[in-house]
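Architecture at a glance
Chain by chain, the residues run as shown.
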Amino acid sequence: MRFTLLGAHGFVGRHLLTYLTSLGHEVIAPARDARLTDACDGTHVIYAIGLTADFRQRPFDTIEAHVSLAAELLRDCDFTSFLYLSSTRVYAGSTNTDESAALTVCPGNPSDLYNLSKLTGEAICNASGRANARIARLSNVVGPASATSESFIGDLCREAAAGRIRLQSSMASAKDYVWIDDVAKLLVQIAENGQDTIYNVASGQQTSNADWATGLAQHTGCRVDVAEHAPTITFPPIDIDRIRSEFAFKPERVIDRIADILSLAS
């Protein structure tokens, strides 16, 4: 099959490119200055363009990446399918995390710009009238390159390699983390054969700071301490019934892959 991968230089995009190529698919990975409407005609489009850590400093770029460009492609391209990569961060503040849940955002909160932009990208997919436009809400994706990434897990890995982890949130703090190989496989399945519109791409498992600290200490011998009055930051468990039912998904435990994550930490 023919795929167009937009955002192929990002963490998820790089792994997707490798996975798609390994399956023997033809993959178009346009340069950032390429005419994207031409590159997307007649292909399965995976829209992995986005900003993460720097969205607060780049609000206009965030809207351009998450909304404007996606809207242009949905309007103008004759694609086979279109898969928009969103985020499970849109469930912040919610207790219900199934794909049909009503969501809450606050436009006055600078941190909600990310959620609002992703939800607007989702909304244009839904409103476009394109029956083959789908949405994947990705959880916190980790893989071998996470050790060198600008992320919470990347910071922990570098601290562990240096001999000491100092947590700024409590040991009980927890999130859903999902392994990159599981993500790549699911995204291709959704793009090719997804029967629904929105999918949570997550592990459905909470991994705590204590899990990470214990695992990293076992592999590196590092010391672990927690900042005084460190807050407990938790995120609601992500519902993965849809991908379990449709794709017989069985997530890998990310904590079992710490050795692979650390292989790039030195």
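Summarised in this report is the structure supplied together with it. In this text the structure is predicted, and so the values were computed from the model without any measurement.

Calculation rules
- Residues numbered from 1 in each chain as written.
- Predicted model: local features only at pLDDT ≥ 70, side-chain atom pairs only at ≥ 80, totals over all residues.
- Heavy atoms only, no water.
- Pairing = 2+ DSSP bridges.
- Helix = DSSP H or I, 4+ residues; strand = E, 2+ residues; numbered from the N terminus.
- Axes fitted to C-alpha atoms, helices over the stretch in contact; angles between N-to-C directions.
- Contact = heavy atoms within 4.5 Å.
- Parallel < 35°, antiparallel > 145°, perpendicular 65-115°, else oblique.
- Left-handed = near helix turned anticlockwise from the far one by under 90°.
- Nonpolar A, V, L, I, M, F, W, Y, C, P; charged D, E, K, R; others polar.
- Core = buried A, V, L, I, M, F, W, Y, C linked by side-chain atoms within 4.5 Å.
- Buried < 20%, exposed > 50% of the residue type's maximum accessible area, 1.4 Å probe, protein only.
- Phe/Tyr/Trp six-rings, centres within 6.5 Å; stacked < 30°, edge-to-face > 60°.
- Lys NZ or Arg CZ within 6 Å of the ring centre and 35° of its normal.
- 1 Å grid on protein atoms, 1.4 Å probe; cavity = no way out; pocket = protein on both sides within 12 Å on 5 of 7 lines; lining within 4 Å.
- Points joined across faces, edges and corners; volume = space filled by probe spheres on them.
- Expected span 1.5 Å × (residues − 1).
- Arc of directions from axis to C-beta.

What follows covers the sheet that holds strand S10 (residues 206–208). With mixed pairing, the three strands of this open sheet are ordered in space as S6-S8-S10. Among the strands making up the open sheet, the edge pair consists of strand S6 (140–142) and S10. Strand-to-strand twist across the sheet, computed as the mean angle between neighbouring axes with direction ignored, equals 55°. Here strand S8 (residues 174–179) runs beside S10; their pairing, made up of three bridges, is antiparallel. Bridging from a neighbouring strand, Ala 174 pairs with Ser 208 of S10. Running at roughly 65° to S8, helix H6 (residues 180–193) makes contact with S6 and S8 of the sheet.

With that out of the way, let us pick up the packing of helix H1 (residues 11–22) against H6. Across the interface, H1 lies against H6 with an axial gap of 9 Å and an inter-helix angle of 65°. With respect to their mutual orientation, H1 and H6 come out roughly perpendicular. Handedness of the crossing formed by H1 with H6: right-handed. Each of Phe 11, Val 12, His 15, Leu 16, Tyr 19 and Leu 20 in H1 lies in contact with H6, whose residues at this interface are Ile 180, Ala 184, Lys 185, Leu 187 and Val 188. By residue class, the composition of the contact of H1 with H6 is nine nonpolar, one polar and one charged.

Bringing the nonpolar core into the picture now. What tends to happen in soluble globular proteins is that the nonpolar side chains get buried as a cluster. Ranked by internal contacts, the top residues of the largest apolar core, which has 50 residues, are Leu 138, Leu 187 and Trp 212. Looking at which element gives the most residues to this core, the answer is H6, with eight residues. In contact with Leu 187, other than residues within four places in its own chain, are Val 12, Leu 16, Leu 83, Leu 85, Ala 136, Leu 138 and Val 201. Of all hydrophobic cores here, the second largest spans 17 residues; its members include Val 45, Cys 77, Phe 79 and Ile 198.

Turning to the packing of aromatic side chains, a few remarks are in order. Throughout the structure, instances matching the rule amount to six aromatic pairs. Judged by centre distance (5.6 Å) and plane angle (20°), the ring pair of Tyr 47 and Tyr 84 falls under stacked. Highlighted residues: Tyr 47 in strand S3 (residues 44–47) and Tyr 84 in strand S4 (residues 81–87), separated in sequence by 37 residues. A relative accessible area of 1% means that Tyr 84 is categorised as buried. An aromatic cluster is present here, built from Tyr 47, Phe 79, Phe 82 and Tyr 84 joined pairwise through their rings. Positioned above the aromatic ring of Tyr 114, the side-chain terminus of Arg 89 is 4.4 Å from the ring centre. Taking the ring centre of Phe 79 as reference, the NZ or CZ of Arg 130 above it sits at 4.0 Å.

Below, the discussion takes up the layout of surface pockets. Over the atoms rolls a probe the size of a water molecule, and its path tells where empty space is left. In this structure, the second largest pocket encloses a volume near 300 Å³. If you list the elements that add at least two residues to the lining of the second largest pocket, you get helix H5 (152–162), strand S7 (164–167), S8, S10 and helix H7 (209–220). Among the elements that make up the lining of the second largest pocket, the one with the highest residue count is H5 (four residues). For the lining of the second largest pocket, the residue count by class is seven nonpolar, six polar and four charged.

A few words now on the sheet that holds strand S1 (residues 2–6). Spatially, six strands are ordered S2-S1-S3-S4-S5-S9 in an open sheet, and the strand pairing comes out parallel. Each end of this open sheet is capped by a strand with a single partner; those strands are strand S2 (26–28) and strand S9 (198–201). On average, each strand axis in the sheet is tilted by 25° relative to the strand beside it, whichever way the strands run. As paired strands, S4 and strand S5 (residues 133–138) are joined by six bridges and run parallel to one another. Looking at S5, one finds that Leu 83 is bridged to Arg 134. The strands touched by helix H4 (residues 112–127) within the sheet are S4, S5 and S9, with S4 carrying the most contacts at an inclination of about 160°.

Time to look at H1. With twelve residues, H1 extends 17 Å between its outermost C-alpha atoms, agreeing within 8% with the 16 Å of an ideal straight helix rising 1.5 Å per residue. If you check which residues of H1 are buried, you get Val 12, Gly 13, Leu 16 and Leu 20. When H1 is viewed along its axis, its buried side chains cluster within an angular range of 90° and face the same direction. In H1, the exposed residues that point more than 90 degrees away from the buried face are Thr 18 and Ser 22. Backbone geometry just downstream of H1 places Gly 24 in the positive-phi region, at approximately 90°.

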